[in-house]
Amino acid sequence: MKNIKKDGFKVSIMVMILLFTFTAFAGSVYTVQKGDTMSKIASNNGVSLNELLVQNPQIENASLIFIGQKINIPEKTSGKLVTYTVQAGDTMYKIARRYDISLSELLKANPAITNASSIYIGQKIMIPDADSLSAHEKAVVDLVNKERSARGLVQLTMSTKLSNVARIKSQDMIDNKYFSHTSPKYGSPFSIMESFGLRFSAAGENIAYGQKTASEVVSGWMNSPGHRANILSESFTHIGVGAAKMSNGTLYWTQMFMKPY
């Protein structure tokens, strides 16, 4: 553990640890033929146009593809999209909060919306299958507290705000194609926590990707000394867990810990 001085406070910073399981792209690559459209390619491969566009961020205009172009075809998954109709007073942020997902996740599921501030009443918004992700996140919290209780440690309180930051971090790793504690967009875990209004005297982070279930990822963390130290630390009182899913089904996990001021 390392102590640092910050704004007159002594902040105890736990070691931040990474964990990953290598997962290769599980889909396939298709070469555009004469007469193809993105909609036609999506239909022929049993995926939605949204899923196809998400897997091919280099295609900014779905109407502009050319013969010989390589298209990544996502693996078919059991995930589903729910259609929501925009109501008076809605914003993309409000819709994201209503469905307990990050704004980034919502925008990712709606690549046709290039300006999050410009939506209109009656517009159809695709909502990612957030229920399964929330279930994963809750299960991680329950498993962590089970490990702590078995050792006579105080259970951690789940923080909605911290969980939201953890979700943003997981989605950020997918969006910006990295796996690290340091985000090219938000900086360190401590920086991202503070940028979303969280104040703490101690904080830590565990990240992982490739594990399919809460049990699998917690087991992996518990079998790693650094991750285990964060999970069982008596320096923390609150936990936030955020999961995000790539279009090919790969899950990214972020577990954040803190002790508020």
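Residues numbered from 1 in each chain as written. Predicted model: local features only at pLDDT ≥ 70, side-chain atom pairs only at ≥ 80, totals over all residues. Heavy atoms only, no water.

Colleague: Quick question: what am I supposed to make of helix α6 (residues 160–175) here?
Modeller: Because each turn of an α-helix spans 3.6 residues, side chains separated by three or four positions in sequence point in the same direction. Compared with the 22 Å implied by 1.5 Å per residue over 16 residues, the 22 Å span of α6 between its first and last C-alpha is a close match. In terms of burial, α6 is largely enclosed, as 13 of its 16 residues are buried. (Helix = DSSP H or I, 4+ residues; strand = E, 2+ residues; numbered from the N terminus. Expected span 1.5 Å × (residues − 1). Buried < 20%, exposed > 50% of the residue type's maximum accessible area, 1.4 Å probe, protein only.)

Colleague: What is the right way to read helix α8 (residues 214–222) from this model?
Modeller: Here α8 has its buried residues at Ala 214, Val 217, Val 218, Trp 221 and Met 222. End-on view of α8: buried residues confined to an arc of 135°, all on one side of the axis. (Arc of directions from axis to C-beta.)

Colleague: Explanation requested: the confidence of the model for the protein chain in the structure shown.
Modeller: Note: predicted coordinates in regions of low pLDDT should not be interpreted at a detailed level. For the protein chain, per-residue confidence averages 82 on the pLDDT scale, and residues scoring 70 or more make up 83% of the total. Predicted confidence for residues 1–15 stays below pLDDT 50, and this span has 34 contacts to residues more than four positions away or in other chains. Below pLDDT 50 for its whole length, residues 21–26 participates in 14 contacts with residues either more than four positions away or in separate chains. (pLDDT = per-residue confidence, 0-100. Contact = heavy atoms within 4.5 Å.)

Colleague: It is not clear to me how the packing of aromatic side chains should be interpreted in this structure. Could you clarify?
Modeller: Two aromatic rings, taken as a pair, are described by how far apart their centres are and by the angle between their planes. One pass over the structure, following the stated rule, counts 6 aromatic pairs. Centre to centre, the rings of Phe 179 and Tyr 252 are 6.5 Å apart; their planes meet at 70°, and the pair counts as edge-to-face. You can see Phe 179 sitting in the loop between α6 and α7 (189–195) and its partner Tyr 252 sitting in strand β11 (residues 251–260), a full 73 residues away along the chain. When the centroid spacing of 6.0 Å and the interplanar angle of 50° are considered together, the rings of Tyr 186 and Phe 196 count as tilted. Here Phe 196 lies in the loop between α7 and β9 (200–209) and Tyr 186 lies in the loop between α6 and α7, a separation of 10 residues in the sequence. The exposure class of Tyr 186 is partly exposed, given its relative accessible area of 23%. A residue is classified by how much of its surface remains accessible, and Phe 196, at 35% relative accessible area, is partly exposed. Linked through ring pairs, Phe 179, Tyr 209 and Tyr 252 together constitute an aromatic cluster. (Phe/Tyr/Trp six-rings, centres within 6.5 Å; stacked < 30°, edge-to-face > 60°.)

Colleague: Help me understand unusual backbone geometry in this model?
Modeller: For residues other than glycine, phi is negative in most cases, and the peptide bonds are mostly trans. In this structure, Lys 177 takes a positive phi of about 55° despite not being glycine. Note on placement: Lys 177 falls in the loop between α6 and α7. Overall, Lys 177 belongs to the exposed group, its relative accessible area being 66%.

Colleague: Which parts of the structure should I look at to understand the nonpolar core?
Modeller: One broad trend across soluble globular proteins is that nonpolar side chains are buried collectively. One finds Val 140, Val 217, Trp 221, Ile 231, Ile 239 and Trp 253 to be the most contacted residues of the largest nonpolar core, which totals 22 residues. When contributions to this core are tallied by element, the ones reaching two or more residues are α5 (130–149), β9, α8, β10 (238–245) and β11. When residues of this core are assigned to their parent elements, the largest contribution, 5 residues, is made by α8. Sequence-distant contacts of Ile 231, defined by excluding residues within four places in its chain, comprise Val 144, Arg 148, Asn 206, Trp 221, Met 222, Gln 255 and Phe 257. Grouped together as the second largest cluster of nonpolar side chains are 12 residues, Ile 168, Ile 192, Phe 200 and Met 258 included. (Core = buried A, V, L, I, M, F, W, Y, C linked by side-chain atoms within 4.5 Å.)

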